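The residues making up each chain are set out below.
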Amino acid sequence: MPTLREVKKRIRSTISTRQITKAMEMVAAAKLRKAQMRIMQVRPYSEKLTTILSHLSEAASGELVHPFFEKREVKKRTLVLVTSDRGFCGSFNSNLIRKANKWLGDQNRDDVELILVGKKGLDFYKRRQWNIVETFQDWSGNLDYTKARNLVDMLTKRFLDGETDEISVIYTQFLSTARYKICDVPYLPVDSLDEEHNEDEEKQKSNFDYIFEPSPEAIFKDIMPKYALTKMITALADSFASEHGTRMMAMGSATKNAGEMIDALTLQYNKARQAAITKELLEIVSGAEALKG
Amino acid sequence: MFNLSIVTPEKIFYENEVASLIAPGIEGYLGILTNHAPLITAITPGKVTVKNESEEIITMSVSEGFLEVSANTATLLVDAVEYASDIDLDRAKEAIERATRRMSDKAGSIDIPRLRKAVERAKNRLRIASDD
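Here's what I pulled together on the structure shown here. Just so it is clear, the model here is predicted, and its values are computed rather than measured.

### Topic: the overall build of chain B
Looking only at helices and strands, one finds two helices and nine strands in chain B. Dimensions of chain B, computed from C-alpha atoms along their principal axes, come out at roughly 50 × 25 × 25 Å. Counting over 132 residues, chain B shows a buried share of 33%. Taking as baseline every contact in chain B between residues at least 6 positions apart, the subset at least 24 positions apart corresponds to 51%.

### A few points about the interface of chain A and chain B
Taken residue by residue, the interface counts 21 residues in chain A and 20 residues in chain B. Among the secondary structure elements, those contributing two or more residues to the side of chain A that touches chain B are α1 (4-59), β6 (211-213) and α6 (216-292) of chain A. At nine residues, the largest contribution of residues to the side of chain A that touches chain B is made by α1(A). In this structure, β6(A) lies alongside strand β4 (residues 39-43) of chain B, joined through three bridges in parallel fashion. By the bridge assignment, Ile211(A) is partnered in β4(B) with Leu39(B).

### Details of unusual backbone geometry
Cis rather than trans, the peptide bond between Leu188(A) and Pro189(A) has omega equal to -5°. Looking at where Pro189(A) falls in the secondary structure, it is placed in the loop between β5 (179-188) and α5 (199-204). Even without being glycine, Asn72(B) reaches a positive phi, approximately 60°.

### Side note on the pairing of strand β4 (residues 166-176) of chain A
Residues and elements named next belong to chain A. Note: strand β1 (residues 77-82) against β4, five bridges, orientation parallel. Paired with Leu-81 across the bridge in β4 is Ile-170. Two strands pair when backbone bridges link them, and β4 and β5 are joined in this way by nine bridges, in the antiparallel orientation. Residue pairing across strands places Tyr-171 opposite Cys-183, the latter belonging to β5. Between the end of β4 and the start of β5, which pair antiparallel, lie two residues.

Cut-off values and rules
- Residues numbered from 1 in each chain as written.
- Chains lettered and ligands numbered in written order.
- Predicted model: local features only at pLDDT ≥ 70, side-chain atom pairs only at ≥ 80, totals over all residues.
- Helix = DSSP H or I, 4+ residues; strand = E, 2+ residues; numbered from the N terminus.
- Buried ≥ 20, exposed ≤ 12 C-beta atoms within 10 Å, placed from the backbone.
- Contact = placed C-beta atoms within 7 Å.
- Pairing = 2+ DSSP bridges.

In structure tokens:
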């Protein structure tokens, strides 16, 4: 039976833990709101860009004239893994790393390179024998456009220089506060454009005979880097939102658990206190009885 | 009348029925009226003039992007856009100064084309703001 003082100490420490997790939950909630807004902001742009691009490729009679479409024999692969910088977000990072390990599982070490976004991925892979070419850290949960652009510039350069033949991205798609989906998507070469298209657009397109200024090739040249950037930014925005969502949920349940623990401990404390009082009373009474003789 | 939407990575900047649109195409300024033929073109930094339903003229500055016109719907996709009246002259001047300084700065790896584009964008904003 723990003593009164011990129980009291535990109660106090649990209370302060609850305060911390509560604060973290609220911070995560605020950041989640911001991240969700980011997703909403980028969405129309990326949708329109995809539409223009698909009209463009349609009009160019399926002839995709840009190096980003070039499918080569895959000798070297690159994996971009987007994890979070910080922990306290439940199984978020471990799920991502598990997925990445599965992806890496059947690959030859020499033919694969890793690009890690977020500290947690680096923490895991730096001690393992994979070839890490570059890391992008310290995002502090915000989407930094300059950083994202550097990442994309680096990726496209590696692809165009032939240092890698295929780039995949593992990230989390944001579904709702509590839900995310781990995705493993091909990034370069770009293969299909109409994944996000709905029925209406299918019907609507192909009826137009577009005028291109200056030429489809030139527009492709301008539009493809933007497409690559937008795709990455969407992925990152989703990842950050899922991270904050997961952290909010994790911290919420931690706060709840702390509350339950405090209740249990308080009960224990009161029981111990009562027992002590009863014991004391008994001692006094029996002492008095003994004196009476 | 046709539908015009101006979209940037940050937000949908403008979405309305308009009477006409003049945009800085890569091969020169081009005007779009109702029932324009389907068109896709690249956009360079410059001035966009929109005449809205009530014949009011709205001017704004845009940076690089694309314009698609089809079935009386025009979509202007640009990196950045600003109403002419909102342009911050000091900030634009500062951007030019910074970029020119960095261009003459020999040290490090400087991306000259990117800087040149930055100067071009800032000059464009200055020009539009002073026209307004």
